[in-house]
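Below are the chains, spelled out letter by letter.
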Amino acid sequence: EISECDWSSDVCSSDLMLLFNLFEAVPAAKDGIDKAIQNGYDISQGTIAGTGEPGEFIHVPVNLKGVDTKWVFESVTSIDYLMKDVRTSMVINIIFSVLVILGMGIFIILLLINKVVKPLSAIDKAMEKISGYNLDVAEEAAKVEKYKNNKDEVGNLVRSIETMVKNLVGIVGE
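Residues numbered from 1 in each chain as written. Predicted model: local features only at pLDDT ≥ 70, side-chain atom pairs only at ≥ 80, totals over all residues. Heavy atoms only, no water.

A. Examining the pattern of salt bridges more closely. Taken as a whole and assessed by the stated rule, the structure comprises 5 salt bridges. Between R87 and D80 there is a salt bridge, and its shortest N-O distance comes to 4.0 Å. According to the relative accessible area criterion, D80 is partly exposed, its value standing at 41%. Among the ionic pairs, K148 bridges to E162, the shortest N-O distance being 3.2 Å. (Salt bridge = Lys/Arg side-chain N within 4 Å of Asp/Glu carboxyl O. Buried < 20%, exposed > 50% of the residue type's maximum accessible area, 1.4 Å probe, protein only.)

B. Spatial organisation of the packing of helix α3 (residues 79–131) against helix α5 (residues 153–173). Contact geometry for α3 and α5: axes closest at 11 Å, N-to-C directions at 20°. Considering their axes alone, α3 and α5 lie roughly parallel with respect to each other. The way α3 lies across α5 gives a crossing that is left-handed. Counting all contacts with α3, which are made through K115, P119, L120, I123, M127 and I130, the residues of α5 involved are V154, L157, V158, I161, M164, V165 and L168. (Axes fitted to C-alpha atoms, helices over the stretch in contact; angles between N-to-C directions. Helix = DSSP H or I, 4+ residues; strand = E, 2+ residues; numbered from the N terminus. Parallel < 35°, antiparallel > 145°, perpendicular 65-115°, else oblique. Left-handed = near helix turned anticlockwise from the far one by under 90°. Contact = heavy atoms within 4.5 Å.)

C. Layout of the nonpolar core. Counting residues in each nonpolar core, the largest one holds 11 residues, listed as A122, I123, A126, I130, V137, V144, Y147, V154, V158, I161 and V165. Looking at this core, the elements that each hand over two or more residues are α3 and α5. Excluding anything up to four places from it in sequence, V137 contacts A126, K129, I130 and V165. (Core = buried A, V, L, I, M, F, W, Y, C linked by side-chain atoms within 4.5 Å.)

D. Inspection of unusual backbone geometry at higher detail. Phi is positive for Y133, close to 65°, though the residue is something other than glycine. Of note, Y133 is situated in the loop between α3 and α4 (138–144). Residue Y133 is classed as exposed on the basis of its relative accessible area of 78%.

Pasting the structure below:
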């Protein structure tokens, strides 16, 4: 029967010779087939015969009506092929995550600039004028007017300075 086999394509006229050729080329295949018959399937990793690449082997028993011979479907896929889409998705997710984090960082920085830095800058200028005995802080007061009703530290500071300036103007005016 060996003369009836085309060894270049592993096609033989005898099922026994085909299995013999498979088990000769890949001895671990017999274990996978035996496990698949016992458990209903088998998934394992190993080296792909012929290429030497790491691969994943899936064995699933197939029952054919009217045939007593046990058949097992084998699927062999290169790990590199399996991981190709995973790597692409991972790169896309990392880039997306970095962009989202950058966007959130920019948003937080702009929020801090508008809610903290700008009012503190105007308050600083007003305090410099007051420390130089200049109580005319109307320009600075106009800049921080919108922060006066805030229920945070900046709002408290604006209200306190406004009260201090009114009290100083009252003392100087007497």
